[in-house]
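Examination of the molecular architecture
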Amino acid sequence: MRFLIVRTDIRTVVDTDIAAAWADGGRLRDETTTPEPRRQVVHAEDRDAALLLARALASVGAVRCGKQRVKVLPLDGPGPERPGSS
């Protein structure tokens, strides 16, 4: 399975938006309609490589102080089961 590792900026949120989302039961952030701005994008061919790259990106100062985040996203679903892999 292939993975996409993305480092994004975290959008700031106003207190009134938090209160409105809480009251309506809605979402504060919806990545499908308004994704966070991307800073860096890396591809990996397997899960171990993806986690290793994500760990390296998480060591960036902006991630460590909470201004950015690292996401690991699968690009395709699990492939067909190969004979002898279970």
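As a reminder, the structure under discussion sits directly above these lines.
Reference entry: report on the structure contained in this document. (Residues numbered from 1 in each chain as written. Predicted model: local features only at pLDDT ≥ 70, side-chain atom pairs only at ≥ 80, totals over all residues. Heavy atoms only, no water.)

1. Quick word on the overall build of the protein chain
- Helix and strand content of the protein chain: three helices and three strands.
- Listing every helix and strand of the protein chain by position from the N terminus yields β-α-β-α-α-β.
- Taken over 86 residues, the protein chain has a buried fraction of 19%.
- Within the protein chain, contacts between residues separated by at least 24 positions form 76% of all contacts whose residues are at least 6 apart in sequence. (Helix = DSSP H or I, 4+ residues; strand = E, 2+ residues; numbered from the N terminus. Buried < 20%, exposed > 50% of the residue type's maximum accessible area, 1.4 Å probe, protein only. Contact = heavy atoms within 4.5 Å.)

2. What about the sheet that holds strand β1 (residues 3-9)?
- With respect to topology, three strands assemble into an open sheet ordered β2-β1-β3, the strand pairing being antiparallel. Of all strands in the sheet, those bounded by a partner on one side alone are β2 (38-44) and β3 (68-74). Direction aside, the axes of adjacent strands within the sheet are offset by 15° on average.
- Sheet topology note: the β1/β2 ladder contains six bridges and is antiparallel. Of the residues in β2, the one forming a bridge with Arg7 is Gln40. (Pairing = 2+ DSSP bridges. Axes fitted to C-alpha atoms, helices over the stretch in contact; angles between N-to-C directions.)

3. Observations regarding the pattern of salt bridges
- A full pass over the atoms with the stated rule returns three salt bridges.
- Of the charged contacts, one joins Arg39 and Asp9 as a salt bridge, the two residues approaching to 3.0 Å between their closest N and O atoms. Here Arg39, found in strand β2, pairs with Asp9, found in strand β1; they are 30 residues apart in sequence, far enough to count as distant.
- Accessibility expressed as a relative area gives 52% for Arg39, which makes it exposed. (Salt bridge = Lys/Arg side-chain N within 4 Å of Asp/Glu carboxyl O.)

4. Examining the side chain of Arg7
- Structurally, Arg7 can be placed in strand β1.
- For Arg7, which is buried and forms no salt bridge, the nearest opposite charge comes from Asp9, at a distance of 6.2 Å.
- There is a polar contact of 2.5 Å between the side chain of Arg7 and the side chain of Gln68.
- Aside from chain neighbours lying at most four places away, what touches Arg7 is Pro37, Arg38, Arg39, Gln40, Leu57, Val60, Val63, Gln68, Arg69 and Val70. (Lys, Arg positive; Asp, Glu negative; His and termini not counted. Polar contact = N/O pair within 3.5 Å; in protein donor to acceptor, adjacent residues only side chain to side chain.)

5. Points about the environment of Pro37
- Mapped onto the fold, Pro37 is located in the loop between α1 (15-24) and β2.
- The spatial distance from the C-alpha of Pro37 to the C-alpha of Arg7 is 8.8 Å, given a sequence separation of 30 residues.
- In contact with Pro37, other than residues within four places in its own chain, are Arg7, Thr8, Asp9 and Arg11.

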